[in-house]
Amino acid sequence: MEQTVRIDALTYGEAGIGRLEDGKAVFVPNTAPGDTVRIEVTEDKKTFAHARLLDVVEASPDRVVPACPYAGVCGGCQWMHVSYEAQLRAKRENVVSALSHIARYDRATAEALVGECVPSKKQLGYRNKLELGAERDAQGRFTLGFHSESSHEFVSPDACLLAHTAIQKAPKALRGALRFLEGNKDLGIYRVGVRHSARTGNLEVALWTPPSAFPRAQVANTLSSAIKATGIVRVMADPGKARKVKGVEVLAGHGKWRERLGDNEFSVSAPSFFQVNTEQAENMIACVIDGLQLDEDSVVADLYAGAGTFSLALAEHADVVFAVESAASSVRDLRRNADANGAWIEVVGGDAAHELPELGELDALVVDPPRAGLADGVPELIAAAGPERVAYVSCNPSTWARDVERLGAAGYELVKATPLDLFPQTYHSELVSIFARR
């Protein structure tokens, strides 16, 4: 079924949303707000439909020519065809919409609570990290690339414009070197991570493989000639979502990647998470510190602390900081970073829901959970700890809005929400929200 529709907005996802002739909402990828497009409905549900774009009948003023030839193909830049100003508006609107539809705030209140989306200084070249999947192409040759979000096809670009210029062409360089190393044998490489810091000059290549025999010296020599790395490591972990790390081997150079946020320098192991947009991470930290209103006597906890992104900054403004983290590699990094920067932090290795009741009464709390949001029972545990203010950092407006309602029921009122664009050209963003105890 073909129709012509007008696209009204961008959803939290790769699609724009419009209305079919019968009024039903329709989601159409690769569209911009204000586009008039010809579509073919591919899936017709009871209350909504999905469609594919056939033709742009009249382009929106917010439609632009993508800077990358792979935009819309590899799946990494879902919004590169949309002007940056429209991207920022859409990211704020997705937070407002989640707050009104999921947390059931009235529209005027939601609009008043959500600030403007903080823009990224760089719209291209902002990523300090690339994560590349490894597969075999149609000829059976080793290749690196990305899985398209919409088609699930594997795309092997030569470069990625979102990455810092020092690693933009890493996909092509590493693909050639690893294809040479693989030859007729399978080294078991299923993932490759590349990190670069413009502030420290560190460039790390991390090869993910199952635990097995591995030609360490040969791999190190070949990769060193292909890319100017300060460190090459091998992460031994079985493929799959769990990716339980069995060990990390240093093949060449440094065994840790170094990055700087504000006055603190971080040493991060390959399996550990770290924010990919360094400058925007500093803005996130500033939002958290400003919102918590700490003083020199404050006792504060940082749940899901990672390698210490917020913990080290909190230690500069509070008396006691508890940092809770469950991932073993991040716990080790966190302890090392606290010591190296002279920060007094009580590092607690364990699950946030299990450890929070053991921390006692708190003045303030930071939570930066995974995309699924807070686990069952955690809002009630937060209320029991009694912090006056809570900073909730989220990368998913839907689960965040659900937790806004749950925290409200536990006695915490949302006072401010600030979206920050850590991921230009994509629908992803981060959100720093501040809650006060009633």
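Scroll up a little and you will see the structure.
Residues numbered from 1 in each chain as written. Predicted model: local features only at pLDDT ≥ 70, side-chain atom pairs only at ≥ 80, totals over all residues. Heavy atoms only, no water.

Put simply, helix H3 (residues 170-182) and helix H4 (residues 216-226) touch, their axes get as near as 9 Å, and they point 150° apart. The orientation of H3 relative to H4 falls into the category roughly antiparallel. The interaxial crossing formed by H3 with H4 has right-handed handedness. For the pair formed by H3 and H4, the contact residues are Ala173, Leu174, Ala177, Leu178, Phe180 and Leu181 on the first element and Gln218, Val219, Thr222, Leu223 and Ala226 on the second. Grouping the constituent residues of the contact of H3 with H4 by class yields nine nonpolar, two polar and no charged. (Axes fitted to C-alpha atoms, helices over the stretch in contact; angles between N-to-C directions. Helix = DSSP H or I, 4+ residues; strand = E, 2+ residues; numbered from the N terminus. Parallel < 35°, antiparallel > 145°, perpendicular 65-115°, else oblique. Left-handed = near helix turned anticlockwise from the far one by under 90°. Contact = heavy atoms within 4.5 Å. Nonpolar A, V, L, I, M, F, W, Y, C, P; charged D, E, K, R; others polar.)

Moving on, we come to the packing of aromatic side chains. This model, assessed by the stated rule, comprises four aromatic pairs. Ring centres of tyrosine 12 and tyrosine 427 lie 5.1 Å apart, and the angle between their planes is 85°; this geometry places the pair in the edge-to-face category. Taken together, the positions of tyrosine 12 in the loop between strand S1 (2-10) and strand S2 (15-19) and tyrosine 427 in the loop between strand S20 (412-420) and strand S21 (430-437) put the pair 415 residues apart, joining distant regions of the chain. When its relative accessible area of 9% is taken as the criterion, tyrosine 427 is described as buried. What links up through ring pairs into an aromatic cluster is the set Trp257, Phe266 and Phe274. A cation sits over an aromatic face here: arginine 191 above tryptophan 208, 4.2 Å from the ring centre. (Phe/Tyr/Trp six-rings, centres within 6.5 Å; stacked < 30°, edge-to-face > 60°. Buried < 20%, exposed > 50% of the residue type's maximum accessible area, 1.4 Å probe, protein only. Lys NZ or Arg CZ within 6 Å of the ring centre and 35° of its normal.)

A separate point is a negative patch on the surface. Taken together, Asp295, Glu296, Asp297, Asp319, Glu361 and Asp363 make up a surface patch of like negative charges. As for its position among the elements, glutamate 296 is in the loop between helix H5 (278-292) and strand S15 (299-303). (Patch = residues over 30% accessible without salt bridge, like charges linked within 9 Å, V, L, I, M, F, W, Y side chains within 5 Å. Areas by Shrake-Rupley, 256 points an atom, 1.4 Å probe, with all protein chains shown as cover. Salt bridge = Lys/Arg side-chain N within 4 Å of Asp/Glu carboxyl O. Lys, Arg positive; Asp, Glu negative; His and termini not counted. Charge placed at Lys NZ, Arg CZ, Asp CG, Glu CD.)

Quick look at the environment of arginine 335 now. Tracing the backbone shows arginine 335 in helix H7 (residues 328-340). Taking the C-alpha atoms as reference points, arginine 335 and leucine 359, separated by 24 residues in sequence, lie 18 Å from one another. Discounting residues that sit within four places of it in the chain, arginine 335 has contacts with Val347 and Gly349.

This next bit is on the sheet that holds strand S6 (residues 129-136). Strand order across the open sheet formed by seven strands is S8-S7-S6-S9-S10-S11-S12, with mixed pairing between neighbours. In this open sheet, the two edge strands, each paired with only one partner strand, are strand S8 (154-155) and strand S12 (245-253). Relative to S8, strand S7 (residues 142-147) is paired through two bridges, and the arrangement is antiparallel. The residue bridging phenylalanine 146 from the neighbouring strand is valine 155, located in S8. Contacting S6, S7, strand S9 (191-196) and strand S10 (203-209), H3 crosses the sheet at an angle of about 140° to S7. (Pairing = 2+ DSSP bridges.)

Another aspect to go through is the pattern of salt bridges. For the structure shown, the criterion picks out 30 salt bridges. In this structure, lysine 129 engages glutamate 131 in a salt bridge whose closest nitrogen and oxygen atoms are separated by 3.0 Å. The class for lysine 129 is buried, based on a relative accessible area of 11%. Judged by relative accessible area, which is 36%, glutamate 131 ranks as partly exposed. With its nearest N and O atoms 3.0 Å apart, the salt bridge here joins arginine 141 to aspartate 137. Through salt bridges with shared partners, one network takes in Arg92, Glu93, Arg107, Glu111 and Glu116.

So, on to the packing of helix H1 (residues 84-101) against helix H10 (residues 397-409). Relative orientation of the contacting elements H1 and H10 amounts to 40°, with a least axis distance of 9 Å. Taken together, the axis directions place H1 and H10 in an arrangement best described as oblique. Two packed elements cross with a definite hand, and for H1 against H10 that hand is right-handed. Counted together, Asn94, Val95, Ala98 and Leu99 of H1 and Pro397, Ser398, Trp400, Ala401 and Val404 of H10 form the full contact between these two elements. Looking at the contact of H1 with H10, its residues break down into seven nonpolar, two polar and no charged.

A separate point is the pairing of strand S18 (residues 364-367). Neither face of S18 is open: one carries Ala364 and Val366, the other Leu365 and Val367, and all of them are buried. As judged from the four bridges shared by S15 and S18, these two strands associate in the parallel manner. In the sheet register, leucine 303 faces S18, and the bridge partner there is valine 367. Remark: the S18/helix H9 (residues 378-385)/strand S19 (residues 389-394) crossover connection has right-handed handedness. (Right-handed = clockwise from strand over helix to strand, strands pointing away.)

As a further point, take the sheet that holds S20. With mixed pairing, the seven strands of this open sheet are ordered in space as S17-S16-S15-S18-S19-S21-S20. Edge strands, defined here as strands with exactly one partner in the open sheet, are strand S17 (346-349) and S20. In this sheet, adjacent strand axes meet at a mean angle of 15° when their direction is disregarded. The strands that H5 touches are S15, S18, S19, S20 and S21; relative to S19, the one it contacts most, it runs at about 160°. On the sheet, H10 packs against S19, S20 and S21 and is oriented at approximately 160° with respect to S19.

Another aspect to go through is the pairing of S1. In this structure, S1 lies alongside strand S4 (residues 36-44), joined through five bridges in antiparallel fashion. Bridging from a neighbouring strand, threonine 4 pairs with arginine 38 of S4. Summarising the sheet, S1 and S2 pair through three bridges and their orientation is antiparallel. Residue pairing in the sheet places leucine 10 in a bridge with glycine 16 of S2.

In an α-helix, one full turn covers 3.6 residues, which means residues spaced three or four apart are oriented alike. Taken together, the buried positions of H9 are occupied by Val378, Pro379, Ile382 and Ala385. Buried residues in H9, looked at end-on, bunch into an arc of 120°, giving them a common side. Buried positions along H9 lie against helix H8 (352-355), S18, S19, H10 and S20. Looking at the residues trailing H9, positive phi occurs at glycine 386, about 75°. (Arc of directions from axis to C-beta.)

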